[in-house]
Every structure is written in C-alpha cells, then in structure tokens.
Amino acid sequence: MKENLVEQKSQDFALRIVKMYQYLAFEKKEYVLSKQLLRSGTSIGANIAEAQCGISRKDFLAKMYIAYRECAETKYWINLLYQAGYMNDTQYESIFADCKELLKILTAITKTTRSEKE
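Residues numbered from 1 in each chain as written. Predicted model: local features only at pLDDT ≥ 70, side-chain atom pairs only at ≥ 80, totals over all residues. Heavy atoms only, no water.

A few words on the overall build of the protein chain. Each helix and strand counted, the protein chain has 4 helices and 0 strands in total. Counting from the amino terminus, helix and strand elements in the protein chain follow one another as α-α-α-α. Its C-alpha radius of gyration of 15 Å places the protein chain within 12% of the 13 Å reference for a compact globule of 118 residues. Projected onto its principal axes, the C-alpha coordinates of the protein chain cover approximately 45 × 20 × 20 Å. Classification of the 118 residues of the protein chain by burial places 39% in the buried group. Taking as baseline every contact in the protein chain between residues at least 6 positions apart, the subset at least 24 positions apart corresponds to 73%. Here the protein chain has roughly 6800 Å² of accessible surface; of this, 53% comes from carbon and sulfur atoms. Averaged over its 18 positive side-chain charges, the protein chain has a centre that lies 3 Å from the centre of its 15 negative ones. (Helix = DSSP H or I, 4+ residues; strand = E, 2+ residues; numbered from the N terminus. Rg over C-alpha atoms; globule rule 2.2 N^0.38 Å. Buried < 20%, exposed > 50% of the residue type's maximum accessible area, 1.4 Å probe, protein only. Contact = heavy atoms within 4.5 Å. Areas by Shrake-Rupley, 256 points an atom, 1.4 Å probe, with all protein chains shown as cover. Lys, Arg positive; Asp, Glu negative; His and termini not counted. Charge placed at Lys NZ, Arg CZ, Asp CG, Glu CD.)

A few words on the pattern of salt bridges. One pass over the structure, following the stated rule, counts 6 salt bridges. Between E116 and R57 there is a salt bridge, with its nearest N and O atoms 3.6 Å apart. Taken together, the positions of E116 in helix α4 (residues 89-117) and R57 in helix α3 (residues 57-83) put the pair 59 residues apart, joining distant regions of the chain. Taken together, the shared-partner salt bridges in this structure form one network comprising R39, E70 and E73. (Salt bridge = Lys/Arg side-chain N within 4 Å of Asp/Glu carboxyl O.)

Moving on, we come to unusual backbone geometry. Peptide bonds are trans in most cases, and residues, glycine excluded, mostly fall at negative phi. Located in the positive-phi region is K29, a residue other than glycine, with phi close to 55°. By the secondary structure assignment, K29 is in the loop between α1 (2-26) and α2 (32-52).

Relative to the assigned elements, N47 resides in helix α2. Excluding anything up to four places from it in sequence, N47 contacts K63, I66, A67 and E70.

Turning next to α2. Spanning 21 residues, α2 covers 31 Å between terminal C-alpha atoms, matching the ideal 30 Å at 1.5 Å per step. At S43, α2 shows its maximal kink, close to 30°. Buried within α2 we find L33, S34, L37, L38, S40, G41, S43, I44, G45, N47, I48 and A51. (Expected span 1.5 Å × (residues − 1). Bend = angle between axes of the 7 residues up to and from the residue.)

Our next topic: the packing of aromatic side chains. Counted according to the given criterion, the structure contains 3 aromatic pairs. Their ring planes at 15° and their centres at 4.0 Å tell us that Y82 and Y92 sit as a pair that is stacked. Of this pair, Y82 sits in helix α3 while Y92 sits in helix α4, placing them 10 residues apart in sequence. With 5.0 Å between their ring centres and 25° between their planes, Y92 and F96 make a pair best called stacked. Here Y92 pairs with F96, and both are found in helix α4, just 4 residues apart, close to one helical turn. Note on F96: relative accessible area 15%, which makes it buried. (Phe/Tyr/Trp six-rings, centres within 6.5 Å; stacked < 30°, edge-to-face > 60°.)

A separate point is the packing of α2 against α3. For the pair α2 and α3, interaxial distance at closest approach is 8 Å and the crossing angle is 160°. The angle between α2 and α3 places the two elements in the roughly antiparallel class. Judged by the twist between their axes, the crossing of α2 over α3 is left-handed. Among the residues making up the contact of α2 with α3, the classes are represented as 14 nonpolar, 8 polar and 5 charged. (Axes fitted to C-alpha atoms, helices over the stretch in contact; angles between N-to-C directions. Parallel < 35°, antiparallel > 145°, perpendicular 65-115°, else oblique. Left-handed = near helix turned anticlockwise from the far one by under 90°. Nonpolar A, V, L, I, M, F, W, Y, C, P; charged D, E, K, R; others polar.)

Here it is, written out as structure tokens:
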C-alpha cells in the first residue's frame, strides 16, 4: 500500500535527516539552518503517521498536505545548505534524491485521495 511505503520511506528519510543534522552541527558547526532542516525533515513522517490515524478522508488529506509542505520546505533547506557549502556533491545528490522521491509519492497520494473524494 502507498501509505505503508510512504510511512517507511519517510521514517528512513527522517533518520538520514537526523544524521545529517548531527554531521552539520558537530562537524561543520552549523546550528541555525541545520535545526530548520531537522525540524522540517522529521516532521514529514510525523504528519504521515498522524494521517494514518485520521478520523476522515478530509483529515487524512489535510495531514498529507502538511507532510507535503514539510517535504517541500526540507528540499529548500537541503538546497540552501548545499549552496552555502555545508554539503559536498555526493551528500547533496543522495539526500536531495530521497527528498524528491518522497515529494513525488506525497504528490501522488494527495492527488489520488483528492480525486477519490470528488
């Protein structure tokens, strides 16, 4: 099921974000942007988990949209940290690809859920 896939991928992604935060904070001594990345990157999975327990389709869709927006924000922070020189090409390309994949899955879920509603 898409929800299980997205739940697992978002949890795996959150773990990568936590490790990236630790690297940025302890190795690169970057605390402000990395904290934003940590907040938004781990929030994706939390909102997906909440959506799984939604009391209605509308509630499910609202939480999935929040997860989508958090993922888009995370993509922004990843780009900014890379452009500021805190990530090398390999780090950036890997985590950015995971973020884009998660964004595509969330887009598909929200579109499908919305069209089922209509």
